[in-house]
Amino acid sequence: MIHNFSAGPAILPQSAIQGSIEAIQNFAGTGLSILEISHRSKQFEAVVDEACDLVKELLGMPEGYSIIFLGGGASLQFDMIPMNLLDESQTAAYVNTGVWASRAIKEAKLFGNVNVLASSEDKNFNYVPKGYAIPEDAAYFHCTSNNTIYGTEMFSFPDSPVPVVCDMSSDIFSHPIDVSKFGMIYAGAQKNMGPAGVTLCIIKNDILGKVSRKLPTMLNYQIHIDNGSMYNTPSVFAIYVSMLTLKWVKEMGGVSAMETRNTAKSNLLYAEIDRNSLFKGTCEVEDRSRMNVCFVMNDPSQDDAFLALAKERKLSGLKGHRSVGGFRASLYNALPIESVEALVQAMKDFEKGI
Ligand SMILES: *Cc1c(COP(=O)(O)O)cnc(C)c1O
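Once a new chain begins, its residue numbering starts again from 1 and follows that chain's sequence as written. Only residues with pLDDT of at least 70 are given local features in this predicted model, and only at 80 or more are side-chain atom pairs given and counted; all residues enter the totals for whole chains, interfaces and linings. Excluded from the side-chain calculations are hydrogens and water; all other atoms, namely the structure's heavy atoms, are used.

Overview of the pairing of strand 4 (residues 113-119)
Thinking step 1. Sheet topology note: the strand 3 (residues 91-96)/strand 4 ladder contains six bridges and is parallel. For A93, the partnering residue across the bridge sits in strand 4 and is N115.
Thinking step 2. When the strands point away from the viewer and the connection leading from the first strand across the helix to the second strand turns clockwise, the crossover is called right-handed. Strands are runs of DSSP state E lasting at least two residues, helices are runs of H or I lasting at least four, and both sets are numbered from the N terminus onward. Following the backbone out of strand 3, through helix 4 (residues 99-108) and into the adjacent parallel strand 4, one traces a crossover that is right-handed. Paired strands, in this sense, are two strands between which DSSP finds at least two bridges.

Okay, structure coming up:
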């Protein structure tokens, strides 16, 4: 077995892989492959309905929100959000916690004014800024709940007088959230929800319809909501595999069970990073992510030797992002604790020179 610590696209539950294989051969008893059926077939419509029901149930979603599945990755949302929510004369509030937040800020500036309330760029994004106030006249407040590249996580959200828009690409479904506190939540599927090719958007209905600009049809949230994610052909296969993944989350006990599991995995790894004389964590301890664990060696000239041992032990995807260096272990929902135990053992053995 290969231990898959990839940051994304990332590990999926075995049941989702098996279910996908079966659906590629014979989808829902149709005798056809999921790759060759109409997105308007009743069998696929049932898949979209089930995926929406699972999202609602797992997150305990209140009334007044819509769920849509879009293309273009989380990155397209960096544009769609300001297009749909920010008038040219208005200001949106952002907090800059890394590459993805910076990209969101850059795109928002194309559509209106941006007020960056706080940034952790001064320390290469190794902490989550806190203690800023969100202006009452902002069109919305945008944040990134988990910073995939740097390994920081927001463990609480600021009180906001305006709609909170959150990029949850790398921690959605990893722990319970209170959806009612958000105006919009979005997530590219390929970190913690499914394969690449689909983006989940959860939008509070009453935040839409307020901008004066003309919206291109495909970039208008309301069009996708009114058409149940079927205005055009959606990512049929990616939605199917995401649905199977969410089903697995439910079978495993839901997002609270995921939180218990993810906390146990990350505690185990951080404890070894803190104990082991060769390694150190890169982030402020209170902001350490349960999804992406970033660490380096005190002597970086040993990086390659550790990666060689990791390869020998079938520990895959551990090389850190180029902007942080060292190592990054992504511990998404589907990663079993046995994989973290194998990594910890490799770190111990490396320290002993085995
Ligand atoms: C990966 C990632 C993105 C970019 O996602 P794409 O689907 O590749 O556009 C955005 N935000 C966060 C937090 C991510 O982890």
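Considerations on the pairing of strand 5 (residues 141-144)
Thinking step 1. Type-normalised accessible area, obtained with a 1.4 Å probe on protein chains alone, sets the label of each residue: buried when under 20%, exposed when over 50%, and partly exposed for intermediate values. Burial of the side chains of strand 5 extends over both faces: F141 and C143 are buried on one face and H142 and T144 on the other.
Thinking step 2. Relative to strand 5, strand 3 runs parallel, the two being bridged by two bridges. If you follow A93 over to strand 5, its bridge partner there is F141.
Thinking step 3. As defined by bridge partners, strand 5 adjoins strand 8 (residues 164-167) across four bridges and the pair is classed as parallel. Bridge pairing links C143 to C166 in strand 8.

Some words on the state of the cysteines
Thinking step 1. We call a pair of cysteine sulfur atoms a disulfide whenever their separation is within 2.5 Å. Taken as a whole, this structure holds zero disulfides when the rule is applied.
Thinking step 2. Summary of cysteine pairing: C166 is not part of a disulfide, and the nearest cysteine sulfur, belonging to C143, is at 3.9 Å.

As for the pattern of salt bridges
Thinking step 1. Every case where a carboxyl oxygen of Asp or Glu lies within 4 Å of a side-chain nitrogen of Lys or Arg is listed as a salt bridge. For the coordinates displayed, the defined rule picks out twelve salt bridges.
Thinking step 2. Residue K130 is joined to E286 by a salt bridge in which the shortest nitrogen-to-oxygen separation is 2.9 Å. Here K130, found in the loop between strand 4 and strand 5, pairs with E286, found in the loop between strand 11 (279-281) and strand 12 (292-297); they are 156 residues apart in sequence, far enough to count as distant.
Thinking step 3. In this structure, D274 engages R288 in a salt bridge whose closest nitrogen and oxygen atoms are separated by 2.9 Å. Of this pair, D274 sits in helix 7 (residues 254-275) while R288 is found in the loop between strand 11 and strand 12, placing the two residues 14 residues apart along the sequence.
Thinking step 4. Residue class for R288 comes out buried when judged on its relative accessible area of 10%.
Thinking step 5. It is possible to trace a salt-bridge network through shared partners that takes in E272, R275, K348 and E351.

Brief notes about the sheet that holds strand 5
Two modes of strand pairing occur in sheets, parallel and antiparallel, and in both the strands are linked by backbone hydrogen bonds.
Thinking step 1. Overall, mixed pairing links the seven strands, which are arranged 2-10-9-8-5-3-4 in an open sheet. Among the strands making up the open sheet, the edge pair consists of strand 2 (65-70) and strand 4. Ignoring strand direction, the axes of neighbouring strands in this sheet form an average angle of 20°.
Thinking step 2. Any pair of residues with heavy atoms lying within 4.5 Å of one another is described as a contacting pair. In this description, a line fitted to the C-alpha atoms serves as the axis of each element, helices being fitted only across the stretch in contact, and the angle between N-to-C directions of two axes falls anywhere from 0 to 180 degrees. This element, helix 2 (residues 42-59), spans strand 2 and strand 10 (199-204) of the sheet and lies at about 130° to strand 2.
Thinking step 3. Those strands touched by helix 4 are strand 3, strand 4, strand 5 and strand 8, and its axis lies near 160° from that of strand 3.

Quick look at the site of the ligand
Thinking step 1. Any residue with a heavy atom positioned within 4 Å of a molecule or strand is treated as near that molecule or strand. Near the ligand lie 13 residues; those nearest to it are S75, T148, D167, Q190 and K191.
Thinking step 2. Each polar contact in these results corresponds to two N or O atoms within 3.5 Å; when the atoms are within protein, one needs to be able to donate a hydrogen and the other to accept it, and residues that are neighboring in sequence are counted only if both atoms are side-chain atoms. Within the backbone of A74, an N or O atom sits 3.0 Å from an oxygen atom of the ligand.
Thinking step 3. In isolation the ligand has 380 Å² of accessible area, and contact with the protein removes 88% of it.
Thinking step 4. The element best represented in the shell around the ligand is helix 3 (residues 73-85), accounting for four residues.
Thinking step 5. Across the shell around the ligand, the residue classes tally to three nonpolar, eight polar and two charged. Here, Shrake-Rupley sampling with a 1.4 Å probe gives the accessible areas, and only protein chains in the shown set may cover a residue. The nonpolar class holds Ala, Val, Leu, Ile, Met, Phe, Trp, Tyr, Cys and Pro. Asp, Glu, Lys and Arg form the charged class, and all remaining residues, Gly among them, are polar.

Some thoughts on the sheet that holds strand 12
Thinking step 1. The strand order 11-12-14 describes an open sheet built from three strands, whose pairing is antiparallel. Edge strands, defined here as strands with exactly one partner in the open sheet, are strand 11 and strand 14 (327-330). Averaged over neighbouring strand pairs, the angle between their axes works out to 35° when direction is ignored.
Thinking step 2. By the bridge criterion, four bridges tie strand 12 to strand 14 in an arrangement that is antiparallel.

Structural notes on the packing of aromatic side chains
Thinking step 1. The criterion for an aromatic pair is that two Phe, Tyr or Trp rings (for Trp, the six-membered ring) have centres within 6.5 Å, with stacked assigned to planes under 30 degrees apart, edge-to-face to planes over 60 apart and tilted to the rest. Scanning the model with the defined rule gives twelve aromatic pairs in all.
Thinking step 2. Measuring from centroid to centroid gives 5.9 Å for Y132 and F141, while their planes differ by 40°, and the two rings are tilted.
Thinking step 3. Three or more aromatic residues link up through ring pairs in this structure, and these residues are F279, F295, F306, F327 and F350.
Thinking step 4. The criterion is that NZ of a Lys, or CZ of an Arg, lies within 6 Å of the ring centre and within 35 degrees of the ring normal, and then a charge sits over that ring. A cation sits over an aromatic face here: K123 above Y127, 5.8 Å from the ring centre.

Describing the packing of helix 3 against helix 4
Thinking step 1. One way to put it is that helix 3 packs onto helix 4 with a least axis distance of 8 Å and a crossing angle of 40°. With respect to each other, helix 3 and helix 4 are oriented oblique. Like other packed secondary-structure pairs, helix 3 and helix 4 cross with a definite hand, here right-handed. Of the residues in helix 4, those in contact with S75, F78, D79 and P82 of helix 3 are W100, R103, A104, E107 and A108.
Thinking step 2. Here the residues of the contact of helix 3 with helix 4 sort into five nonpolar, one polar and three charged. Put simply, angles under 35 degrees are roughly parallel, angles over 145 are roughly antiparallel, angles from 65 to 115 are roughly perpendicular, and the rest are oblique. Each crossing gets its hand from how the near helix is turned against the far one by less than a right angle, where anticlockwise is left-handed and clockwise is right-handed.

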